[in-house]
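Understanding the architecture of this molecule
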Amino acid sequence: MRPYRAVAALAAALVMTGLLGPVTAAPAGPRLRVIAATNHLDAMRYGDDWVYLDLGVYLAALEAPLEIRVARDSYRDPIEAWQVLNAGATREIPTELLQGWWGFTDFAGVRIFRDGDPIRFVSLDWCPGSGDVQRIDDEGPRDPTYPALCWGSPFIRGHVFGVDQGWASALAPGVPVRLGEGDYTARLRIRPAYRTLFDIAPEDTSAELSITVTSWDGGCLECSGAARIDGSQGGRTRVTSAPTDTDPDPDTVPDLVALPAYGIYVENYRRHEWLTFGANVWNAGPAPLVVEGFRQEGEDLMDAFQYFTQDGEVVGRAPVGGFEYDRHDDHQHWHFLQFARYRLLDDTKEAIVRSRKQAFCLAPTDAIDLLRPNADWDPGSLGFSRCGGPASLWIREVLQVGWGDTYFQGLFGQGFEVTDLPNGTYYIEVTANPQGLLYESGMKNNTRLRKVILRGDPGSRRVIVPAWNGIDTEGNRL
């Protein structure tokens, strides 16, 4: 996993013994440079004195991409991280510099000055994807290739984050600072540990700009309209007409994997008790799950077809059930009916309660393992597929390789009613593809159980959730 370190050590030994001539320089990473979009910023101060500074300061990757991989061999193993260098070599990243799967901790600092005196300091964590990346030249890819996030579910196995060559990632997209009206100076600097780790030249590690703070007068902030997430892409698979194939090649279908429930608690509502939870089903590949719906004329129903892809091209399709339109205020889009099932089992693992959550708008919400073969690092609009509206004739819903779709059962009836159940041990069962209608490469990993223990008095009960494979998602293990 760390080939560069081993090769470098061997080369050094051979040089010392005279068995090898001069060694060429070790593979290098990108040249990283701090870039400021402007040398002056006008900032707005609100009634509570808080100013949210978008400094317009970025870290650019020149000559090569910055790529960091984070993984654990199993759920019980520690996280490891490494940087991918030129020629496939790697450099170890000390895990104490990581904020788990969330990127780098204390990556940079912003110091605010007034009349030459320092008055505020803010430490900045940094996610290379950050959601705000800018192209700075045309030496790299036309579109970003790395994920626009540094996070995942509690059960993430492998992640990758980085900055493409010729692109830059925001270091301070929204820094909250309490400031009064007036003129200031802001100085951002990369922390020494990262300057050393990534070999950043001294002249490339900082930026300085002046700031003028004024108070908001109550007028229009964004008269041009709010930003809107456009999920119309629904992934990048190009879908065309395809022959019907009810025996697809295993390389053209997904592998749906159920994960244990988490975010579990007891909610009291109108003298009823509900066991609320979150559940995730993810796609381990080798191909994306692509499901399209075609509307039945005059009905709130669609016929669903799964499309099989290879190298980004559609090679076949098969009918897999249907979609229905959900007119509830919290939804207003089309739901696939055959994706997952949630049940509560008793201590003998017999089903006693079933969640009324039975329909889904498929979309990538959580990175689970982006180091899987064929994983899509940048699946488009996170949390959104083309789920349609009341006038839709057609929809496409996609779950890309390496990503999971999380649902929290917070709406009425989606959790398990436990009002009349006694205290004791139960299991939350999450099952992917419960009817077996979707085509996938295997179904041995489609069901997962999470042990829960109900305790307390009626009306004020709580739930104890033991850790799963050493992962304590609830902070209340026995």
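This one's a predicted model, so the numbers in the text were calculated from it and none came from an experiment. (Residues numbered from 1 in each chain as written. Predicted model: local features only at pLDDT ≥ 70, side-chain atom pairs only at ≥ 80, totals over all residues. Heavy atoms only, no water.)

What to know about the state of the cysteines
Tallied over the entire structure, the rule returns one disulfide. Between Cys127 and Cys150 runs a disulfide, and the two sulfur atoms are separated by 2.2 Å. Handedness of the Cys127-Cys150 disulfide follows from its S-S torsion of about 80 degrees: it is right-handed. Of this pair, Cys127 sits in the loop between β9 (117–126) and β10 (133–135) while Cys150 sits in the loop between β10 and β11 (158–163); the two residues are 23 residues apart in sequence, bridging distant segments of the chain. (Disulfide = S-S within 2.5 Å. Helix = DSSP H or I, 4+ residues; strand = E, 2+ residues; numbered from the N terminus.)

Considering the packing of aromatic side chains
Considering all chains together, one arrives at 17 aromatic pairs under this definition. With 6.3 Å between their ring centres and 90 degrees between their planes, Tyr75 and Phe155 make a pair best called edge-to-face. With Tyr75 in the loop between β5 (66–71) and β6 (80–84) and Phe155 in the loop between β10 and β11, this residue pair connects regions lying 80 residues apart in the sequence. The class of Tyr75 is buried, set by a relative accessible area of 14%. (Phe/Tyr/Trp six-rings, centres within 6.5 Å; stacked < 30°, edge-to-face > 60°. Buried < 20%, exposed > 50% of the residue type's maximum accessible area, 1.4 Å probe, protein only.)

Here's the deal with the confidence of the model for the protein chain
Predicted coordinates in areas of low pLDDT are best not read in detail. Looking at the protein chain as a whole, its pLDDT mean stands at 83, while 82% of the residues score no less than 70. Across residues 1–24 the pLDDT falls below 50, and counting only partners more than four positions away or on other chains, this stretch makes 24 contacts in the model. Counting interchain partners and residues more than four positions distant, the pLDDT-below-50 stretch residues 219–240 has 34 contacts. (pLDDT = per-residue confidence, 0-100. Contact = heavy atoms within 4.5 Å.)

Brief notes about the sheet that holds strand β4 (residues 57–62)
Strand order in the open sheet made by the four strands is β1-β4-β12-β10, with antiparallel pairing throughout. Bordering the open sheet on either side are β1 (31–36) and β10, each of which pairs with just one other strand. When strand polarity is set aside, the average angle formed by the axes of neighbouring strands in this sheet is 30 degrees. Judged from the three bridges that link them, β10 and strand β12 (residues 167–170) form a sheet pairing that is antiparallel. Looking across to β12, one finds that Val133 is bridged to Ser169. (Pairing = 2+ DSSP bridges. Axes fitted to C-alpha atoms, helices over the stretch in contact; angles between N-to-C directions.)

Let's talk about the sheet that holds strand β7 (residues 90–92)
Paired through backbone hydrogen bonds, the strands of a sheet run either parallel or antiparallel to each other. What the four strands build is an open sheet, ordered β7-β6-β5-β11; its pairing is antiparallel. A single partner strand is all that each edge strand has here, and the edge strands are β7 and β11. Between one strand and the next, the sheet's axes are offset by a mean angle of 25 degrees, whatever the strand orientation. Bridge count for β6 against β7 is three bridges, and the pairing is antiparallel. Bridging from a neighbouring strand, Gln83 pairs with Arg91 of β7.

Comments concerning the nonpolar core
Core analysis: the largest hydrophobic core is formed by 98 residues, its most contacted members being Leu53, Leu55, Phe104, Phe107, Phe198, Leu275 and Phe339. Per element, the largest residue contribution to this core is five residues, and it comes from strand β8 (residues 104–114). Among the nonpolar cores identified, the runner-up in size contains ten residues, and Tyr75, Phe155, Val257 and Trp282 belong to it. (Core = buried A, V, L, I, M, F, W, Y, C linked by side-chain atoms within 4.5 Å.)

Considerations on the pairing of strand β13 (residues 175–178)
The side chains of a regular strand alternate, residue by residue, between the two faces of the sheet. Residues Val175 and Val177 point to one face of β13 and are all buried, whereas Pro176 and Arg178, pointing to the other face, are not buried. Looking at chain direction, strand β3 (residues 50–53) and β13 are connected through four bridges and run antiparallel. Following the sheet pairing, Val51 is matched in β13 by Val177.

Remarks on unusual backbone geometry
With an omega dihedral of 15 degrees, the bond running from Gly285 to Pro286 counts as a cis peptide bond. Tracing the backbone through its elements, the reader meets Pro286 in the loop between β18 (272–283) and β19 (289–295). Backbone geometry places Glu63, a non-glycine residue, at a positive phi of 75 degrees. Along the chain, the position of Glu63 falls in the loop between β4 and β5. We note that Asp199 has phi near 55 degrees; this positive angle belongs to a residue other than glycine.

Description of the pairing of strand β29 (residues 424–432)
Within β29, seven of the nine residues are buried, which leaves the element mostly enclosed by the surrounding structure. Bridge count between strand β23 (residues 340–345) and β29: six bridges; the pairing is antiparallel. Bridged to Leu345 within β29 is Tyr427.

Brief notes about the environment of Thr214
Examined against the element boundaries, Thr214 turns out to sit in strand β15 (residues 206–215). Judged by relative accessible area, which is 39%, Thr214 ranks as partly exposed. Sequence spacing of Thr214 and Ala43 is 171 residues, and the spatial spacing of their C-alpha atoms is 6.5 Å. Residues in contact with Thr214, not counting those within four places in the same chain, are Ala43, Met44, Arg45 and Glu181.

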